[in-house]
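Architecture and fold: a report
Residue-level listing of the chains:
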Amino acid sequence: MIGLIRMARAALAVALPLAALGGCSSADEDLSPADEKLPVVFSAAAATGRAPVSNEGFTAEGSAFRVWGVFYDPTKAGVVQVFDGREVTRTGDAWTYDSEEYWMRGFTYDFCAVYPSQVAEKAEFTPADGANCTVTLADFTADGTDLMVASDRRMILSQDNSDAPAPVALKFRHILSRINFNGRTDDRYLGADGKPDDQARVLRILSFKVSGFSDKGSWNGEGFKADGSSLGEWTAAAGADAEYAAKIPEGGLELGNAPTPIFGDNDVILAIPQSVSDLVVDIEYEYTRGSLGVQHATAHLSGTWLPGKSYSYSFSINTHLFFDVPAVDDWLSAPINNGDFNIILP
């Protein structure tokens, strides 16, 4: 069973220095848990999609995210913070956490979560009255970590507690940009002298490097929406010059007439969303026949990468290197195969 969260009066006594949280109340009876002690439950709706990045890390035993949560009622206690970056861990088929909490009747709740836990540990949460809670993450370095966030807002319990509250439906969404390159050759049937040949030759990529963009930045989740209509704002660090090299197999990566991904699904570039003015693509390649030797080509690109988007840059090599306008897609993620938790992304 998914881990449960409980709030006793003693916990509220600790959580109620509310001058900084938007209000206070001396009516302790108004802040007692519902008589039925209905637990807060984390769950999510089923999802469908394809997985450009594996979910194995998320579903693995011991995987964890952190959750923040408040409840509020302007006529009673203002804002009370219940969760302060509580770690929620994958244990068997469930997500569990320490110290149970129970719903408080008659209040509205807001939740935010950040995955993975080791990154979320550095996040800051600002509680607020209403659906304006903010999570921020400063000085994040893009190192292949699949950074995701989720929220579930304005859950309202009836005053008489006649109905069981709905689960907290955390729908995690990518807030980085996914970058890949797809290469092909248009002259597999040309000889070394550039004239038609009756024997095909194959082009092999020997090295492929991408540079000229920032791998550091800060995320402000103010206005982040659970439906993906807003994924917050990124500020890329100035002067950070990242370089990513593709993992080319020994002997080179063969290109044919059909596009071939340069980065594998688990090795794609997970980048800070930003505008790039001089993205440098540096390639070394050779042909299996002829005496051309190792060739070198460089391309300079520009554009804007948005959070939650997947960018596929297609290029071809003939006598020169040609790049097409990148294809831009929503970054989808396949569902986790169990009934209690899934990831849904734009």
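The notes below deal with the structure included here.

Conventions used here
- Residues numbered from 1 in each chain as written.
- Predicted model: local features only at pLDDT ≥ 70, side-chain atom pairs only at ≥ 80, totals over all residues.
- Heavy atoms only, no water.
- Helix = DSSP H or I, 4+ residues; strand = E, 2+ residues; numbered from the N terminus.
- Buried < 20%, exposed > 50% of the residue type's maximum accessible area, 1.4 Å probe, protein only.
- Salt bridge = Lys/Arg side-chain N within 4 Å of Asp/Glu carboxyl O.
- Pairing = 2+ DSSP bridges.
- Core = buried A, V, L, I, M, F, W, Y, C linked by side-chain atoms within 4.5 Å.
- Polar contact = N/O pair within 3.5 Å; in protein donor to acceptor, adjacent residues only side chain to side chain.
- Contact = heavy atoms within 4.5 Å.
- Axes fitted to C-alpha atoms, helices over the stretch in contact; angles between N-to-C directions.

Take the environment of Asp110 next. Relative to the assigned elements, Asp110 resides in strand β6 (residues 108–115). The exposure class assigned to Asp110 is buried, which follows from its relative accessible area of 1%. In this structure, the C-alpha to C-alpha distance between Asp110 and Arg153, residues 43 residues apart in sequence, is 4.3 Å.

Attention shifts here to the pattern of salt bridges. In this structure the tally under the stated criterion is 7 salt bridges. Among the ionic pairs, Asp267 bridges to Lys247, the shortest N-O distance being 3.4 Å. Taken together, the positions of Asp267 in the loop between β18 (260–261) and β19 (269–271) and Lys247 in the loop between β16 (242–245) and β17 (253–255) put the pair 20 residues apart, joining distant regions of the chain. Where salt bridges share partners, they join Arg66, Glu87 and Glu121 into one cluster.

Turning next to the pairing of strand β20 (residues 274–287). Judged from the 8 bridges that link them, strand β13 (residues 203–213) and β20 form a sheet pairing that is antiparallel. Bridged to Leu203 within β20 is Tyr287. Strand direction decides the pairing type here: β20 and strand β21 (residues 295–305), joined by 10 bridges, are antiparallel. Residue pairing across strands places Val281 opposite Ala299, the latter belonging to β21.

It is worth spelling out the nonpolar core at this point. With 59 residues, the main nonpolar core has Phe181, Ile205, Phe208 and Phe213 as its most contacted residues. Top element by residues in this core is β20. It accounts for 6 residues. Ranked by size, the runner-up nonpolar core spans 26 residues in total, among them Leu38, Met104, Tyr109 and Leu170.

Take the side chain of Thr185 next. Mapped onto the fold, Thr185 is located in strand β12 (residues 177–185). Thr185 sits in the buried class, given a relative accessible area of 0%. Here the side chain of Thr185 touches Ile317 through a polar contact of 3.2 Å, landing on its backbone oxygen. Look past the residues within four positions of Thr185 in its chain and what remains in contact with it is Leu203, Leu255, Gly256, Asn257, Tyr287 and Ile317.

As summarised here, the arrangement of the 4 strands in space is β7-β8-β14-β15, forming an open sheet in which the pairing is antiparallel. The sheet is open, and its two edges are formed by β7 (124–126) and β15 (233–236), each paired on a single side. On average, adjacent strands in this sheet sit at an angle of 15° to one another, irrespective of strand direction. Pairing analysis gives 3 bridges linking β7 to strand β8 (residues 134–141), with the strands arranged antiparallel. Opposite Phe125, over in β8, you have Val135 as the bridge partner.

Let us now look at the pairing of β12. The buried fraction of β12 amounts to 8 of the 9 residues, a majority that puts the element mostly inside the structure. Relative to β19, β12 runs antiparallel, the two sharing 3 bridges. Paired with Ile179 across the bridge in β19 is Ile269. One ladder, built from 8 bridges, connects β12 with strand β22 (residues 309–317); its direction is parallel. By the bridge assignment, Asn180 is partnered in β22 with Ser312. One ladder, built from 2 bridges, connects β12 with β18; its direction is antiparallel. Paired with Gly183 across the bridge in β18 is Thr260.

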